[in-house]
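Summary of structural features
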Amino acid sequence: MKNIFPIILLITPLLLTNCGRKPDAEFPCPGKSFTIGTHTYCAYREDVTWHEAKQRCGDAGGYLAVINSMEENEAIWELLGGTWEHSFWTGLNDRALEGSWQWASGETARYGNWRPGQPDNYHSQGEGEDCVEWLSEDGGWNDIICGDRRTYLCKSAHGRKKDFRCTGKLFSIGEYEYCAYRTWVDWQTARKSCEVNGGNLASIVSEEENIALFRELGSPWGYVGNLWIGFSDEAREGDFRWINGEPVRFGNWCTGEPSNAGKDGEDCAHMFTTRNCWNDSDCNPKFGFICERD
Ligand SMILES: [Ca+2]
Ligand SMILES: [Ca+2]
Ligand SMILES: [Ca+2]
Ligand SMILES: [Ca+2]
């Protein structure tokens, strides 16, 4: 199991979306409620142990907070940083296996914003530290003993409005949902098809996601061909962007790609199912495609 690497804390102003949306009736919040993207959050001011926090989030119809990206961590910091209690519980823990960080929901951690020197599993009584607090001073994370008492942050996907319809191969990786199609269409048609079904052409933003996707869609699926993904440089040559707005932090181009070959160039990316890398193609050929839930 891999450990997650410490990432230097970098606070930048961030535009919050849907911030003023009304709290979800299915996810009542007696504390401080807010939404980021498609998720609703509730910060509780009571101090409880990690296990109590996990239980209470579940009882409230959510789960102990999962923080999957720097953007999400910063958005939470914009709302709770400095002003909140000293710190709150997140769902991150290494209770099952020392040094192997998982969210309480069972997902493997793909992002971490550890404070310098953390996680250190250090406790003066020698019992180790297996649960993670989020510090309002700087949004950094620290492992502490699970029996300590902290306020807590619950999260729920109830704020999600759109259904995600799938007539292809439906699967999920962590909390992300995908639908892969063997129907052959050009890139624009694939994009529209994903949109009308409550998603977007998939973005692949980390090595873990790339590996997990290839594991799902490589040879075991039985589809031998190309799959469109939501990566394009149509807007500006050479500047490939994810069409759902995710930042570009990861790439998996095949050797010699992107090549922008041919008279008209190549502006749309696809993955291969026979080898784990991507190519830029002109946008007109008909391939299968992968949608990802918004
Ligand atoms: Ca530990
Ligand atoms: Ca620690
Ligand atoms: Ca191009
Ligand atoms: Ca190419």
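Residues numbered from 1 in each chain as written. Chains lettered and ligands numbered in written order. Predicted model: local features only at pLDDT ≥ 70, side-chain atom pairs only at ≥ 80, totals over all residues.

**Concerning the overall build of the chain**
- Along the backbone of the chain there are four helices and 15 strands.
- Residue burial in the chain is summarised as follows: out of 294 residues, 38% are buried.
- Taking as baseline every contact in the chain between residues at least 6 positions apart, the subset at least 24 positions apart corresponds to 69%. (Helix = DSSP H or I, 4+ residues; strand = E, 2+ residues; numbered from the N terminus. Buried ≥ 20, exposed ≤ 12 C-beta atoms within 10 Å, placed from the backbone. Contact = placed C-beta atoms within 7 Å.)

**Focus on the environment of Ser203**
- Mapped onto the secondary structure, Ser203 falls in the loop between strand E10 (199-201) and helix H4 (207-217).
- A tally of 21 C-beta atoms within 10 Å means that Ser203 is categorised as buried.
- Once the C-alpha coordinates of Ser203 and Asn244 are considered, the two residues, 41 residues apart in sequence, prove to be 7.2 Å apart.
- Every residue in contact with Ser203, bar those within four places of it in the chain, is listed here: Gly230, Trp242, Asn244, Glu246 and Glu292.

**Examining unusual backbone geometry**
- The linkage connecting Gln118 with the following residue, Pro119, adopts the cis geometry, with an omega of -5°.
- Looking at where Pro119 falls in the secondary structure, it is placed in the loop between strand E4 (87-93) and strand E5 (131-135).
- Positioned with a positive phi, Asn260 is a non-glycine residue whose angle comes to about 50°.
- With respect to the helices and strands, the residue Asn260 is situated in the loop between strand E12 (241-242) and strand E13 (268-272).

**Concerning the nonpolar core**
- In terms of nonpolar packing, the biggest core is built from 34 residues, with Tyr41, Ala43, Leu64, Tyr152 and Cys154 touching the most fellow members.
- Listed by contribution, the elements that provide at least two residues to this core are strand E1 (32-36), strand E2 (39-48), helix H1 (50-59), helix H2 (70-80), E4, E5 and strand E7 (150-156).
- The residues touching Cys154, leaving out its near neighbours within four places in the chain, are Tyr41, Cys42, Cys57, Ala60, Gly62, Tyr63, Leu64 and Ala65.
- Residues Leu213, Ile229, Phe231 and Met271 belong to the second largest nonpolar core, which totals 29 residues. (Core = buried A, V, L, I, M, F, W, Y, C linked by C-beta atoms within 7 Å.)

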